[in-house]
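Fold and contact review
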Amino acid sequence: VNAKWDAGKYHIILDLGGGVANFVVAGNGELMFSRPLAGGGCKHLINSISKSLSVSEQQAESLFKQHAASKTDDAVQEQVAIFLSQLVVEIQRSIDAFCLMFHSERVDSINLCGGGSLIKGICEFLTKNLGVETKKLNPFENIDVSSVGGQVANPELYALAMGLAIPEN
């Protein structure tokens, strides 16, 4: 995470991947807590869209991508709202478990990555409903990317790859 390792500060990395969502807490210079989130992967949302609209998974995935591009219909929006509400419950359970295990009163931030981070309005929704500042993780934040035009489109999609690319000291 491109967050400072300040003592007593805890940062959530929430990877909303295709098949699974992972909840990780980093703090005090180390990874402290990790668990998968039930029903948090994009595949779960795509399956819900497919079933509720009686369309194929490929069509549902296309509708999900249209939603991310701000072109959506009410039925897709409804499924996204249900998915986000369920995600908030799972995240809050994970925060509570972390806080109990590590005698912490709070977490300081949520950093989103993976395909689910492309859901329109997700950062604002999580911030409002969890009371924790939520932003998309940019693993290139402190890296010179001038060789690729100075920007990387959707950098939150590359967090896992960037983490794997970091050499051991």
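Treat the numbers as computed from the prediction; the structure is a model and nothing was measured.

When its secondary structure is counted, the protein shows 5 helices and 5 strands. Beginning at the N terminus, the succession of helices and strands in the protein can be written as β-β-β-α-α-α-β-α-β-α. Contacts spanning at least 24 positions in sequence make up 52% of the contacts within the protein whose residues lie at least 6 apart. Accessible area for the protein stands at about 9,600 Å²; split by element, carbon and sulfur atoms hold 52% of it.

Take unusual backbone geometry next. The residue S54 is not glycine, and still its phi comes out positive at about 55 degrees. Assignment of secondary structure puts S54 in the loop between α1 (42-53) and α2 (57-68). Phi at H103 takes a positive value of approximately 50 degrees, unusual for a residue other than glycine. For H103, the location among the structural elements is in the loop between α3 (74-102) and β4 (109-113). Residue classification places H103 among the exposed positions, given a relative accessible area of 73%.

Between its terminal C-alpha atoms α1 stretches 17 Å, which fits the 16 Å expected from 12 residues at 1.5 Å a residue. Those residues of α1 that fall on the buried side of the exposure criterion are C42, L45, I46, I49 and S50. In a view along the axis of α1, the buried residues occupy a sector of 140 degrees, so they form one face of it. Close packing links the buried residues of α1 with β1 (10-16), α2 and α3. In the segment just after α1, S54 is the residue with positive phi, at about 55 degrees.

Quick look at the packing of aromatic side chains now. Here the structure, examined in full by the defined rule, presents 4 aromatic pairs. Ring geometry for F23 against F33: centres 6.1 Å apart, planes inclined by 90 degrees, an arrangement best described as edge-to-face. A residue pair is termed long-range when its members are at least 10 positions apart, and F23 in strand β2 (residues 21-27) and F33 in strand β3 (residues 30-37) qualify at 10 residues. For F23, a relative accessible area of 0% corresponds to the buried category. One aromatic cluster is present, built from ring pairs that chain together Y10, F23, F33, F98 and F102.

Enumeration according to the criterion identifies 4 salt bridges in this entry. Between E61 and K65 there is a salt bridge, with its nearest N and O atoms 3.7 Å apart. In this pair, E61 and K65 both sit in helix α2, 4 residues apart, roughly one turn of the helix. For E61, a relative accessible area of 33% translates into the label partly exposed. Between R93 and E90 there is a salt bridge, and its shortest N-O distance comes to 2.8 Å. Placement of the pair is R93 and E90 together in helix α3, with a separation of 3 residues, close to one helical turn. Since its relative accessible area comes to 11%, E90 is described here as buried.

Let's shift gears to α3. With 29 residues, α3 ought to run about 42 Å at 1.5 Å a step, and its terminal C-alpha atoms sit 42 Å apart, in line with that. Just downstream of α3 lies H103, where phi reads positive at about 50 degrees.

Here the focus is the confidence of the model for the protein. Of the residues in the protein, 86% have a pLDDT of 70 or more, and the chain-wide mean is 85. The weakest mean pLDDT in the protein belongs to helix α5 (residues 159-165) at 67; the strongest belongs to helix α4 (residues 122-130) at 97.

Conventions and cut-offs
Residues numbered from 1 in each chain as written. Predicted model: local features only at pLDDT ≥ 70, side-chain atom pairs only at ≥ 80, totals over all residues. Heavy atoms only, no water. Helix = DSSP H or I, 4+ residues; strand = E, 2+ residues; numbered from the N terminus. Contact = heavy atoms within 4.5 Å. Areas by Shrake-Rupley, 256 points an atom, 1.4 Å probe, with all protein chains shown as cover. Buried < 20%, exposed > 50% of the residue type's maximum accessible area, 1.4 Å probe, protein only. Expected span 1.5 Å × (residues − 1). Arc of directions from axis to C-beta. Phe/Tyr/Trp six-rings, centres within 6.5 Å; stacked < 30°, edge-to-face > 60°. Salt bridge = Lys/Arg side-chain N within 4 Å of Asp/Glu carboxyl O. pLDDT = per-residue confidence, 0-100.

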